[in-house]
Amino acid sequence: AAAMAAERSLAMATCTAPVNIAVIKYWGKRDTDLILPINSSLSVTLHQDQLKTTTTAAASRDFTEDRLWLNGKEADVGHPRVQACLREVRRLARKRRGSGEDTAALSLSYKIHIASENNFPTAAGLASSAAGYACLVSALARLYGVEEELSEVARRGSGSACRSMFGGFVQWQRGERPDGTDSLALQVAPETHWPELRVLVLVVSGEKKPVGSTAGMQTSVETSPLLKHRAEVVVPERLAQMMRHIRERDFEGFGQLAMRDSNQFHATCLDTFPPIFYLTDLSRHIIALAHRYNAHHGHTKVAYTFDAGPNAVIFALADTVAEFVEVVRRSFPPATNGDQFVRGLPVGSAALSQELVAAVVTEPLPGAVQYILHTKPGPGPQLVDDPSQHLLGADGLPRSRA
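Residues numbered from 1 in each chain as written. Predicted model: local features only at pLDDT ≥ 70, side-chain atom pairs only at ≥ 80, totals over all residues. Heavy atoms only, no water.

In the nomenclature of an unreviewed UniProt entry, the protein chain corresponds to Diphosphomevalonate decarboxylase from the organism Oreocharis arfaki. The Function (unreviewed entry) comment attached to the protein chain in UniProt states, word for word, "Catalyzes the ATP dependent decarboxylation of (R)-5-diphosphomevalonate to form isopentenyl diphosphate (IPP). Functions in the mevalonate (MVA) pathway leading to isopentenyl diphosphate (IPP), a key precursor for the biosynthesis of isoprenoids and sterol synthesis." Taken from UniProt, the Pathway (unreviewed entry) comment for the protein chain reads in full: "Steroid biosynthesis; cholesterol biosynthesis." (UniProt positions renumbered as here; feature names shortened; annotations may be inferred.)

Caption draft 1: Looking closely at the packing of aromatic side chains. Here the structure, examined in full by the defined rule, presents 10 aromatic pairs. Where F254 meets F315, the ring centres are 5.3 Å apart and the plane angle is 85°; that geometry is what we call edge-to-face. Taken as a pair, F254 in helix α7 (residues 251-271) and F315 in strand β14 (residues 312-317) lie far apart in primary sequence, 61 residues in all. Here F254 falls in the buried class, since its relative accessible area comes to 0%. (Phe/Tyr/Trp six-rings, centres within 6.5 Å; stacked < 30°, edge-to-face > 60°. Helix = DSSP H or I, 4+ residues; strand = E, 2+ residues; numbered from the N terminus. Buried < 20%, exposed > 50% of the residue type's maximum accessible area, 1.4 Å probe, protein only.)

Caption draft 2: Spatial organisation of helix α9 (residues 318-331). End to end, α9 covers 21 Å across 14 residues, agreeing with the expected 20 Å (1.5 Å per residue, within 8%). What α9 keeps buried is the set T320, V321, F324, V325, E326, V327, V328 and S331. (Expected span 1.5 Å × (residues − 1).)

Caption draft 3: Fine view of the pairing of strand β2 (residues 20-24). A large share of β2 lies buried, amounting to five of its five residues. Here β2 pairs with strand β5 (residues 41-45) via four bridges, running antiparallel. Bridge pairing links N20 to T45 in β5. (Pairing = 2+ DSSP bridges.)

Shown next as structure tokens:
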């Protein structure tokens, strides 16, 4: 049977992987080739029912070249970061075989076909590279029968991707070694640890970033003294605090620190020269709204964080979601898609008191928020067992998506 398996004309594996949102931000590399960060970071993995990448990797003796399809369109398989992931997984597979564990293993000389798709708009600024590379590495590892420390491999694709290799609450340890072997992700707590935690993504724009993260963060490293202070002095202390807040499920502490860290990250972008602007007027409106809402209630009920783009990610506990969604709906009345305004997990209806409306809802801005995605923390990458879910057909080409 082993000999037969080795002669299979086509081997295929499909995985899904999640998006993650950093609450202690990663910004800046100390090694751009190995993707080693200047500071540790901490994130929350989002549930794949709402946001996920699915990737199928196939290998066959019949393939004449490596090929890659993203969301149905052929893409450059020669991209250095894709190649780095391929090379690393193949290296681990070779190492495994050297120890003679698996003689029937797939030939490493076979060309490979990869198809990947997101169940969310790529341009929506929703950390698609993290999910994408975590998914690529998971599928390749499955294909080649590799089970090693995969977060280190995913990091070679996109820094934040190493954090998408685990569910729940995840730390990316900066590491000290120049070869990066200690720069990896660790789970701080599983997604089951804080069942009441919810996440609202306020999608304000599907536009591309003004400055890509890769270029932006290196300009910051080169020009921002504030970033150096942040990485060396501020983050180590915040990381320890944030892990404590998560362990204790202390939303007040967690929320305040998430907002402060987001604001400091964007301050380092302003401190970059020339300055980088990821937040828009609308982002600032949402920030002000969150502060008015919390002030009205006298404590932290919602907490915002923004990555390298204008979309807001809001953390809240489940019992706050309905009321805050109604506040957002009143502040940014949907232009046309009233029924499609809230997506993802169901949201109950809420009546707002006159006091709250008067204190919190100022000038409404119609149509400013495209939609709200309601989600929660979720697990790490998953293997898809059902062969009908493969993105590639028996011929190794993308299936036509109905």
